[in-house]
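Coordinates in review
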Amino acid sequence: MSNIDINGVIRNRRSIFPPMYNDIPVSKEFIQTLMENANWAPTHRLTEPWRFKVVLGDAKDRLGVFLSDTYTDITSDEDFSPFKHKKIIDNCKSASAVIAICMQRDPKERIPEWEEIASTAMAVQNMWLTCSANNVGCYWSSPGLIKYVSDFFDFEEGERCLGFFYLGNYNQEDNMPSKRSPAQSKTTWLE
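So, here's what we can say about the structure. (Residues numbered from 1 in each chain as written. Predicted model: local features only at pLDDT ≥ 70, side-chain atom pairs only at ≥ 80, totals over all residues. Heavy atoms only, no water.)

1. Describing the packing of helix α3 (residues 57-74) against helix α4 (residues 82-94)
- One way to put it is that α3 packs onto α4 with a least axis distance of 8 Å and a crossing angle of 165°. One way to sum up the angle between α3 and α4 is to call them roughly antiparallel. Both α3 and α4 take part in a crossing whose hand is right-handed. Residues Lys60, Asp61, Leu63, Gly64, Leu67, Ser68, Tyr71 and Thr72 of α3 form the contact with α4, whose participating residues are Lys84, His85, Ile88, Ile89, Cys92 and Lys93.
- In terms of residue class, the contact of α3 with α4 is built from six nonpolar, four polar and four charged. (Axes fitted to C-alpha atoms, helices over the stretch in contact; angles between N-to-C directions. Helix = DSSP H or I, 4+ residues; strand = E, 2+ residues; numbered from the N terminus. Parallel < 35°, antiparallel > 145°, perpendicular 65-115°, else oblique. Left-handed = near helix turned anticlockwise from the far one by under 90°. Contact = heavy atoms within 4.5 Å. Nonpolar A, V, L, I, M, F, W, Y, C, P; charged D, E, K, R; others polar.)

The structure is reproduced here in structure tokens:
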């Protein structure tokens, strides 16, 4: 096992947004590693609820068009933002991959749903830390549009989308300082 500075990886993890991505593609091999690391998340009662739909190439453009068209359809004229409409398309185009983060509910409902959502989120954290350790940019977005993606993706019974994981290489010259308050301000010790 390699000697990784896990504290450094965790503390340097950042949201790297699609407009920051460059044109260097993220390899399929890296995405496969990402999926394998996600698969090692903690799971209650071994339900392994995480499901991922990796969107690449032309499918990213189709997803961008679908999401922007859906945004247009569900947004009133007064609330419609041309900026947001363009951003939806551009995010899909800028990313090397867009991964739909999905959760498959245990058909037997042996555990509370929140535990399966938590396990899925831990799988995403594994992905995020893998990206951070390899200097690959990523961002988890959970727009309201995810309610409509069953018209784009095929879902199993009990499966639903929790968001999109945008993935791309980026120029790392920029210093991205953390915006965390101290842990002690959120910790109570009982002895």
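After that view, the rundown keeps rolling.
2. Examining α4
- Taking 1.5 Å per residue as the helical rise, α4 with its 13 residues ought to reach 18 Å, and the 18 Å between its terminal C-alpha atoms agrees with that figure.
- On the buried face of α4, the contacting elements are α3, β2 (97-104) and β4 (159-168). (Expected span 1.5 Å × (residues − 1).)

3. A short note on the pattern of salt bridges
- As enumerated under the stated definition, the model contains six salt bridges in all.
- Among the salt bridges present, the one from Glu159 reaches Lys53, with a minimum N-O distance of 3.1 Å. Of this pair, Glu159 sits in strand β4 while Lys53 is found in strand β1 (residues 50-55), placing the two residues 106 residues apart along the sequence. Side by side, Glu159 and Lys53 carry an identical accessibility label, which is buried.
- Between Arg110 and Asp106 there is a salt bridge, with the nearest N and O atoms lying 2.9 Å from each other. (Salt bridge = Lys/Arg side-chain N within 4 Å of Asp/Glu carboxyl O. Buried < 20%, exposed > 50% of the residue type's maximum accessible area, 1.4 Å probe, protein only.)

4. Let's talk about the packing of helix α2 (residues 28-38) against helix α5 (residues 113-133)
- Relative to each other, α2 and α5 sit at 140°, their axes nearing to 8 Å. Judged by the inter-axis angle, α2 sits oblique to α5. Remark: the crossing between α2 and α5 carries right-handed chirality. When α2 is examined against α5, the residues Phe30, Leu34, Met35, Asn37 and Ala38 are found in contact with a partner set consisting of Ala123, Asn126, Met127, Thr130 and Cys131.
- Residues of the contact of α2 with α5, tallied by class, amount to seven nonpolar, three polar and no charged.

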